[in-house]
Amino acid sequence: MKKILFFFSLLLVFQSTQAQKANNLLIQETVEFLSSDELKGREIGTDGEEVAARFIVTKMKVLGLKPKGTNGYFQDFSVTPKTNPHAAHAVEQGNQINGKNVIGFLDHGAKNTIVIGAHYDHLGEGGEGSLHAGKESQIHNGADDNASGVALMLGLAEKLSAEAYKTNNYLFIAFSGEEKGLWGSNYFCKNPTLDLKQVNYMVNFDMVGRLDTSKGLAINGVGTSPDWKNQLEKVNKNDLKLILGESGTGPSDHTSFYLQDIPVLHFFTGQHEDYHKPSDDAEKVNFEGIAIIQSMVLDLILQTETKLEFTKTKDESESTPRFTVTLGVMPDYLFQGEGMRIDGVTEGKPAHKANLQKGDIVIQMGEIKVDGMQAYMKALSEFKKGDKTMVKVRRGEEVLEEEVEF
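Every chain is numbered on its own, with residues counted from 1 as its sequence reads. Residue-level local features of this predicted model are given only where pLDDT is at least 70; pairs of side-chain atoms are given and counted only at 80 or more, and the full residue set underlies all totals for whole chains, interfaces and linings. Excluded from the side-chain calculations are hydrogens and water; all other atoms, namely the structure's heavy atoms, are used.

1. What about the confidence of the model for the protein chain?
By definition, pLDDT measures how confident the predictor is in each residue, and it falls between 0 and 100. Residues of the protein chain with pLDDT of at least 70 account for 91%, and the chain-wide mean is 90. Residues count as neighbours in contact if any of their non-hydrogen atoms are within 4.5 Å of one another. Within the model, pLDDT remains below 50 along residues 84-91, and this stretch shows seven contacts once partners closer than five positions in the same chain are excluded.

In structure tokens, the structure reads:
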């Protein structure tokens, strides 16, 4: 009898190991396919994005997700860009752009539904939004932004079909048009294919492929429910440094759901020097890091089976200073020390010309001391094109001062 139990336990371990290997393979295959040159950057309305959408549908079918769009798995929408969408009298300009959300459903007959989303579009071959210094067009593959998020979403779909997670339904949405201004998620929330009153909360994965345990993991939206902070502490089994943000709004698709009074969380492993550049490629993705986040979210779902209370948060965009110039750096948004640490420098921009480097910590601009991101943005708002100022940075043990011209 003991031998039978021993071999049975070995079989369970083997099956579990094989299942995890298959899950890891699904995640890696998704990142590599979506960020391949053949898709040419997955810009909304292009053939590359169409191929990406059909790839996601294929995976959803294999994983047992049922179609929940308006045209099978697809929810088609069209947008005509405006001159300035924030202006009081914006006018339409340019041609109509067609996009499609990809929507799959795990229906367990439960009372509540959890929405799990990630945008699958990117910048195509550059243009608006690109931080590439060169003028020539280059494919922006967007492996971290956001093939990584789609991969994590599909990986979770595979895991959530298990018996332990059947106390909820799960709606998986790959959004189009996020890079243009949250077009796809905005359209879905105004034209939902499922009653939003059934939605318990929404989890958004946007740039989850560069986990660095020394820097930590950013989770935004923790103020949208009084339950979030306590639950996140419980599921942080890898003792990650969690950088928690209260606001339910931000430059990603969870914002659209927050505006419908739905609790949200946005998982984000931080910006980097490849952000919105042709160099955001699959070989730089931390697949083990994606697995860590997946495990955390699975534990979170097990602990949040009852309906969460929604709470409004302060709109951080209202208090963000407006500025018209840029230093030409990628801030390290996960940095918790005093100052603004530079995570990347764009060639040809003011910081590059002033010999500022990745890793430098900006501590003063002109007369303004920089003790964090808010102070950094306030300092930028004081300058206009053509202005010159002295910028102090801490580089290792040294404090250097360089002149910057905007």
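2. Regarding the side chain of Thr-249
Position of Thr-249 among the secondary structure elements: in the loop between β8 (242-245) and α7 (254-258). Since its relative accessible area comes to 18%, Thr-249 is described here as buried. Counted as a polar contact is a pair of N or O atoms within 3.5 Å, where, for protein atoms, one must be capable of donating a hydrogen and the other of accepting one, and residues adjacent in sequence contribute only when both atoms are in side chains. Only 3.0 Å separates the side chain of Thr-249 from the side chain of Ser-247, close enough to count as a polar contact. Under the scheme used here, helices are H or I runs from DSSP no shorter than 4 residues and strands are E runs no shorter than 2 residues, and both carry numbers assigned from the N terminus. With a 1.4 Å probe rolled over the protein chains alone, any residue whose accessible area is under 20% of its type maximum counts as buried; one over 50% counts as exposed, and the rest are partly exposed.

3. Quick notes on the nonpolar core
Only buried residues count toward a nonpolar core. Its members are Ala, Val, Leu, Ile, Met, Phe, Trp, Tyr and Cys residues joined through side-chain atoms within 4.5 Å. Formed by 59 residues in total, the largest nonpolar core has its most connected members in Val-102, Ile-116, Leu-160, Phe-172, Phe-205 and Phe-267. Among the elements that line this core, the one with the most residues is helix α3 (residues 143-159), at nine residues. Not counting residues within four places of it along the chain, the set of residues in contact with Phe-267 comprises Val-203, Asn-204, Phe-205, Asp-206, Met-207, Val-208, Leu-217, Ala-218, Ile-219, Ile-293, Met-296 and Val-297. The next biggest cluster of nonpolar side chains, apart from the first, holds 21 residues, and it includes Val-345, Ala-351, Val-370 and Leu-380.

4. Digging into the packing of aromatic side chains
The rule is short: rings of Phe, Tyr and Trp, with Trp giving its six-membered ring, pair when the centres are within 6.5 Å, and they are stacked under 30 degrees, edge-to-face over 60, tilted in between. Scanning all chains against the criterion turns up nine aromatic pairs. Ring centres of Phe-33 and Phe-55 lie 4.3 Å apart, and the angle between their planes is 15°; on these two criteria the pair is classed as stacked. Taken together, the positions of Phe-33 in helix α1 (residues 2-34) and Phe-55 in helix α2 (residues 47-62) put the pair 22 residues apart, joining distant regions of the chain. Take Phe-55: its relative accessible area is 10%, and that puts it in the buried class. When the ring of Tyr-170 is compared with that of Phe-172, the centres are 6.5 Å apart and the planes differ by 35°; the resulting orientation is tilted. For the pair shown, Tyr-170 and Phe-172 are each scored as buried. Here the aromatic cluster, defined as three or more aromatic residues joined through ring pairs, consists of Phe-175, Phe-188 and Phe-257. In our convention, an over-ring charge means Lys NZ or Arg CZ found within 6 Å of a ring centre and within 35 degrees of that ring's normal. Between Lys-100 and the ring centre of Phe-74, over which it is positioned, the NZ or CZ distance is 5.2 Å.

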